[in-house]
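Coordinate analysis (summary)
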Amino acid sequence: MSETEIKSIQWFPGHMAKTRRAIKENLSLVDAVVEIIDARIPLSSQNPEMGKMTAGKPRLFVLNKRDMADSTVTDRWISWFRSKGIAAVSMDCKTGKGMKSFTSVLENQVLKDLLETRRAKGMSGTPTRIMIVGIPNVGKSSFINRMSGSKKARVEDRPGVTRTKQWVKLGDRIEMLDMPGVLWPKFDDQGVARRLAFTGAIKDDILDTETLAMLLLEYLAENYPEMLKSRYKMDTSAEMKGPELLELLGRKRGMLISGGEVDTERAAIMLLDEFRAGKIGCISLEIPEDEQNG
Ligand code: G4P
């Protein structure tokens, strides 16, 4: 299946300028920027302009939804980020796994120097302030709810801050600036758009469902054939193409229409739903680029 078969994608205008302005205006109020990304697609779920927008501010990446990703690949990603001098932790905001590591990396690595300076000045009581950003659906609200113990605790307005800012307590020592940090991903790259569509981060109608399912099947047949075998009893090979794979899937699931033909649309919808619900298994859609990128 050629990537040129994917419809050209016209992407979200508007909001970006507003968010960019809000980030710029508020950057001086925080000690660090926390960008939530999807552990299954750590590159595709980033906003490429973030680095520029937050230049000079310490950053920490949270690879969220790690429960849905291939754990060995996630570990490789964490090492990859670290090898580039970028702090990163993995989390599962559904259960809260990784929260301790987040706080520890934030305080002991990302903000180590700042916190030491504050201690030396007798200001260790000063809360650490962060800004949370990320593309839609990546788990920002889940992260905040988890970290704040589900009910958001507002902190009273601070003197010295000209405009009223809302701060939310995340645990004892961390405060988060309550502002919309929603950023759109960048999808002029077809591979990025495809991976965002697989995870459901972008709308289904952007790509034809069957095309999308075929592309996902090709990826799974190449990288996770054992999962296709165990969930759908599909015997596949890395060389099999999308149409053949979708047909096989439909047949295995008994999705037939009159005349014995496979209802490929139904099969496609089922596959994408099951993938997004994590039913097929823990699957990563990207591996660190120095090793290979799909
Ligand atoms: P956002 O604020 O960035 O837009 O994302 P939000 O927290 O609303 O999360 C989007 C979806 O991702 C939610 O699912 C949420 O439960 C799920 N999610 C967030 N973090 C994790 C995680 O670590 N692991 C898994 N498996 N899922 C996560 P939903 O289907 O929209 O709602 P629901 O399932 O909570 O009802």
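Just so it is clear, the structure is predicted and the values come from calculations on it, not from any experiment.

Conventions used here
Residues numbered from 1 in each chain as written. Predicted model: local features only at pLDDT ≥ 70, side-chain atom pairs only at ≥ 80, totals over all residues. Heavy atoms only, no water. Helix = DSSP H or I, 4+ residues; strand = E, 2+ residues; numbered from the N terminus. Buried < 20%, exposed > 50% of the residue type's maximum accessible area, 1.4 Å probe, protein only. Contact = heavy atoms within 4.5 Å. Areas by Shrake-Rupley, 256 points an atom, 1.4 Å probe, with all protein chains shown as cover. Pairing = 2+ DSSP bridges. Right-handed = clockwise from strand over helix to strand, strands pointing away. Phe/Tyr/Trp six-rings, centres within 6.5 Å; stacked < 30°, edge-to-face > 60°. Lys NZ or Arg CZ within 6 Å of the ring centre and 35° of its normal. pLDDT = per-residue confidence, 0-100.

**Considering the overall build of the protein chain**
When helices and strands are tallied, the protein chain shows eleven helices and nine strands. Counting the 294 residues in the protein chain, one finds 49% classified as buried. Look at the contacts in the protein chain between residues 6 or more apart in sequence, and 69% of them connect residues 24 or more apart. In the structure as shown, the protein chain presents an accessible area of about 14,500 Å², 48% of it carried by carbon and sulfur atoms.

**A closer look at the pairing of strand β3 (residues 87-90)**
A two-sided burial pattern is seen for β3, the buried positions comprising Ala87 and Val89 on one face and Ala88 and Ser90 on the other. Both strand β2 (residues 59-64) and β3 contribute to a ladder of four bridges, which runs parallel. Opposite Leu63, over in β3, you have Ser90 as the bridge partner. The parallel pair β2 and β3 is bridged by helix α3 (residues 71-83), and the resulting crossover is right-handed.

**As for the packing of aromatic side chains**
Under the criterion given, the structure shown has six aromatic pairs. Pairing Phe102 with Phe143 gives two aromatic rings, centres 5.1 Å apart and planes at 80°, and the pair type is edge-to-face. Highlighted residues: Phe102 in helix α4 (residues 99-110) and Phe143 in helix α6 (residues 140-147), separated in sequence by 41 residues. As far as the burial class goes, Phe102 and Phe143 line up, both buried. Members of the aromatic cluster, joined through ring pairs, are Phe61, Trp77, Trp80 and Phe81. The residue whose ring lies beneath Arg129 is Trp167, and the NZ or CZ to ring-centre distance is 5.1 Å.

**Overview of the confidence of the model for the protein chain**
Averaged over all residues, the pLDDT of the protein chain equals 87, while 85% of them reach at least 70. Low pLDDT (under 50) marks residues 1-11, which in the prediction has 25 contacts with non-local residues, meaning those over four places away or in another chain.

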